[in-house]
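# Structural features, examined
Take a look at the letters that make up each chain.
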Amino acid sequence: MKVNWILATIGFCLLACYGSRVLAQQGYGDDADTFAVPKIWKEIPKNLRDENRVWQGVPSVEATSDNRVWVTWFSGGTMEPHADNVVLLATSANKGDDWSEPLFAVDPQDTTRASGPSLWYDPLKRLWILWHQSNIHVHDAHKKLVYEANGDEIRDCRGGVWCMISDNPEAGADASWSEPRRLCDGFCLNKPIVDSRGQWLFPVCVLRYNSRYPVDAKFLIGPNIFVSNDEGKTLSLLGHSKLDWKNSCWDEHNVVERSDGSLWLTARALYGFCEGFSTDGGKTWTDMKPSPTIKHTSSRFFMMKLQSGNLLLVKNGPVGADTGRNTITASLSKDDGKTWSESLVLDERKNVTYPNGAQGPDGTIYVVYDHGRHDEKEIVLARFTEEDLVAGEIVSPVGKTKIIVNQATGVL
C-alpha cells in the first residue's frame, strides 16, 4: 500500500510538471497581452520619480531641427528585466546643458514591460520614440517559471517594436505625440536609417532564447533588416544576416551605408563585435563574422554616418581593444571603416555602457550612455564636433563631457 501511494504521488507530480509545461506552451497562465496599448503617464507616478527609481540605463539621444536635444532611457522596478520596467523621455532646449524632468512614462500593464528605447529624427522632421514591449517571463498555470530541459529560460522572444511620433518636436515639453502603435515583432535598439535608394531601414532582431510564442525561424538567429517604403506606416522583412546560435546574444545591431552604396551591418555577439555586408540594398547579406580591426566586449556600441560622409564609432575602449564595460571613446573613419582616428575619450570611468549618438543640424555630435546602472544611476551626455574627433581631444568651444542628463537616487 505504501509503495503504491509513493508511486502514485510520483506519477501525479510528473503529470503536474508535464501539464504545467503544456499549459504554458499553449498560452495559459498569468502572462499579459503584449499587444495591449501601454499606459502613457503624462504625470510621472510617485514610484517612477527620480527620488524613487533604484536603477536606470540603456539610453538613446536625438537632436531636432532647432538644436533641441532629446534623451530616452528605461527604468522602473528593481532591476532589468522586471514587470514594472517603463520608458522615460526628457529634453533640453540648450544643447544639453540643462534638462527637463521626465516628460512622460510608457508603462505597459500587468506582466508586460517596456525596454530598449530608441530615438530617431526622420527626413520628414518627425521625432520617433521606439521601444521593445514584451512579457517579463513565461509562467505556467501555477505561476511557476518555465524552463527548457537544458535549464534555459523560455522567454517572450517575439516581443514587439512599438512607437510614438511627434510632428512638432520643436515644441519641447508641449510637443504632441501620436498614439502608441505596434510596428512588427522583435526588438529595435538602434536607429533606423534612410539609404540612397530611399529605403527606410530598421535594424530589428528577435532574441535568441527559447521563445514563448511562435516566431518565424528565419527571425531567430542573427540581425534582421526591416524596410518601410511608405514613410514608416508599415514595415516588412527585407533581409537577414546569419549569426550562429552559439554566438548570438542580443544583436543590438547598427546599419550604415558606405560611399559605394553597400550596407555595413555591425552587431554584438558573445565574442564581441561582428559584421556583415550587403550589396543589393539589404536583400541578401554575408554571414556575420568577427571584425578583423574592431574589437569589443559583449555589449552595445554605436555607429553612424555623419553629415560629412565620415563614420563615427562609439564603444568601450580603443577601436582595436576589448576593455570590458569601461571607458567610452569616439573614433572617426574617413575611408568607410578601413582605418580609424585615435580615439577621443569621452569618459574614462568604469561601468560606463550602452552608448548611442546623434548629430544636430549644426554638426554638433551628441553621445549618451549610462554610468553605474544600479549604483550611480546616471544618464550621461557628451557633446563634441568632428574637429574634436580629428584632434583626439576637446578643442571646440561647444565640446563638453560628463553632462548629467538624469540621476535617480532611490534605494532598495
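Look up: the structure comes first, before these words.
Now for a quick tour of the structure. (Residues numbered from 1 in each chain as written. Predicted model: local features only at pLDDT ≥ 70, side-chain atom pairs only at ≥ 80, totals over all residues. Heavy atoms only, no water.)

Here we take up the overall build of the protein chain. Counting secondary structure elements, the protein chain contains two helices and 27 strands. Counting the 412 residues in the protein chain, one finds 57% classified as buried. Taking the intrachain contacts of the protein chain between residues at least 6 apart in sequence as the baseline, contacts between residues at least 24 apart amount to 56%. Looking at the protein chain as shown, the accessible area adds up to about 17,000 Å², and 53% of this sits on carbon and sulfur atoms. (Helix = DSSP H or I, 4+ residues; strand = E, 2+ residues; numbered from the N terminus. Buried < 20%, exposed > 50% of the residue type's maximum accessible area, 1.4 Å probe, protein only. Contact = heavy atoms within 4.5 Å. Areas by Shrake-Rupley, 256 points an atom, 1.4 Å probe, with all protein chains shown as cover.)

For the rest of this paragraph, the subject is the sheet that holds strand 7 (residues 127-135). Read from one edge of the open sheet, four strands run 6-7-9-10, paired in antiparallel fashion. Edge positions in the sheet fall to strand 6 (112-121) and strand 10 (181-184), since each has one partner strand and no second. Taken pair by pair, the neighbouring strands of this sheet meet at an average axis angle of 35°, ignoring direction. In terms of strand pairing, strand 9 (residues 161-166) meets strand 10 through three bridges, oriented antiparallel. (Pairing = 2+ DSSP bridges. Axes fitted to C-alpha atoms, helices over the stretch in contact; angles between N-to-C directions.)

This model, assessed by the stated rule, comprises eleven aromatic pairs. An aromatic cluster is present here, built from Trp120, Trp128, Trp200 and Phe202 joined pairwise through their rings. In this structure, Lys39 is placed above the aromatic ring of Trp41, and the distance from its NZ or CZ to the ring centre is 4.8 Å. The ring of Tyr354 is capped by Arg373, whose NZ or CZ atom sits 4.5 Å from the centre of that ring. (Phe/Tyr/Trp six-rings, centres within 6.5 Å; stacked < 30°, edge-to-face > 60°. Lys NZ or Arg CZ within 6 Å of the ring centre and 35° of its normal.)

This next bit is on the side chain of Thr72. Relative to the helices and strands, Thr72 resides in strand 3 (residues 69-75). On the basis of relative accessibility, which here comes to 0%, the residue Thr72 falls in the buried class. Side-chain polar atoms of Thr72 contact the backbone oxygen of Leu88, separated by 2.6 Å. In this view, Thr72 contacts Val58, Pro59, Ser60, Val87, Leu88, Leu89, Pro117, Ser118, Leu119 and Ile129; residues no more than four positions away in its chain are not counted. (Polar contact = N/O pair within 3.5 Å; in protein donor to acceptor, adjacent residues only side chain to side chain.)

A word on the nonpolar core. A general trend in soluble globular proteins is that nonpolar side chains are found buried together. Counting residues in each nonpolar core, the largest one holds 41 residues, and the members touching the most others are Trp128, Trp131, Leu183 and Phe202. If you list the elements that add at least two residues to this core, you get strand 3, strand 4 (86-92), strand 5 (104-107), strand 6, strand 7, strand 9, strand 10 and strand 12 (200-204). Discounting residues that sit within four places of it in the chain, Phe202 has contacts with Trp120, Trp128, Leu130, Pro192, Asn224, Ile225, Phe226, Ser228 and Leu235. Within the second largest apolar cluster, 19 residues are counted, among which are Leu48, Val86, Leu381 and Val405. (Core = buried A, V, L, I, M, F, W, Y, C linked by side-chain atoms within 4.5 Å.)

Glancing now at the environment of Glu378. One can find Glu378 in strand 26 (residues 378-384). Using a relative accessible area of 10% as the deciding quantity, one classes Glu378 as buried. For the pair Glu378 and Lys402, spaced 24 residues apart in sequence, the C-alpha separation works out to 9.9 Å. The contact partners of Glu378, leaving out residues within four places of it in the chain, are Arg349, Tyr369, Asp370, His371, Gly372, Ile404, Asn406 and Gln407. Among the polar contacts listed, one links the side chain of Glu378 to the side chain of His371, at a separation of 2.8 Å.

With that settled, consider the environment of Asp156. Tracing the backbone shows Asp156 in the loop between strand 8 (154-155) and strand 9. In this structure the C-alpha to C-alpha distance between Asp156 and Pro214, which are 58 residues apart in sequence, comes to 9.5 Å. Among the polar contacts made by the side chain of Asp156, one reaches the main-chain amide nitrogen of Arg158 at a distance of 3.4 Å. There is a polar contact of 3.1 Å between the side chain of Asp156 and the backbone nitrogen of Gly159.

The next thing to look at is the sheet that holds strand 4. As summarised here, the arrangement of the five strands in space is 1-5-4-3-2, forming an open sheet in which the pairing is antiparallel. Where the open sheet ends on each side, the last strands, each with one partner, are strand 1 (39-41) and strand 2 (56-63). If you compare each strand with its neighbour and ignore which way they point, the axes differ by 20° on average. In this structure, strand 2 lies alongside strand 3, joined through six bridges in antiparallel fashion. The residue bridging Glu62 from the neighbouring strand is Trp70, located in strand 3.

Here the focus is the pairing of strand 17 (residues 263-269). Of all seven residues making up strand 17, seven are buried, and the element is well covered by its neighbours. Burial along strand 17 is two-sided: Leu263, Leu265, Ala267 and Ala269 facing one way and Trp264, Thr266 and Arg268 facing the other are all buried. Here strand 16 (residues 248-257) runs beside strand 17; their pairing, made up of six bridges, is antiparallel. By the bridge assignment, Val256 is partnered in strand 17 with Trp264. From the end of strand 17 to the start of strand 18 (residues 272-278), which pair antiparallel, there are two residues.

Let us now look at the environment of Trp55. Here Trp55 shows up in the loop between strand 1 and strand 2. For Trp55, a relative accessible area of 0% translates into the label buried. Taking the C-alpha atoms as reference points, Trp55 and Ser75, 20 residues apart in sequence, are found 6.1 Å from one another. In this view, Trp55 contacts Phe74, Ser75, Gly76, Gly77, Thr78, Met79, Glu80, Asn85, Arg373, His374 and Lys377; residues no more than four positions away in its chain are not counted. At 2.9 Å, the side chain of Trp55 forms a polar contact with the backbone oxygen of Gly76. At a separation of 3.3 Å, a polar atom in the side chain of Trp55 contacts the main-chain carbonyl oxygen of Met79.

Taking burial as the measure, the five residues of strand 14 (residues 224-228) include five buried ones, the bulk of the element. Where burial is concerned, the two faces of strand 14 agree: the one with Asn224, Phe226 and Ser228 and the one with Ile225 and Val227 are both buried. Note: strand 12 against strand 14, five bridges, orientation antiparallel. By the bridge assignment, Leu201 is partnered in strand 14 with Val227. Note that strand 14 and strand 15 (residues 236-240) share four bridges and pair antiparallel. If you follow Phe226 over to strand 15, its bridge partner there is Leu237.

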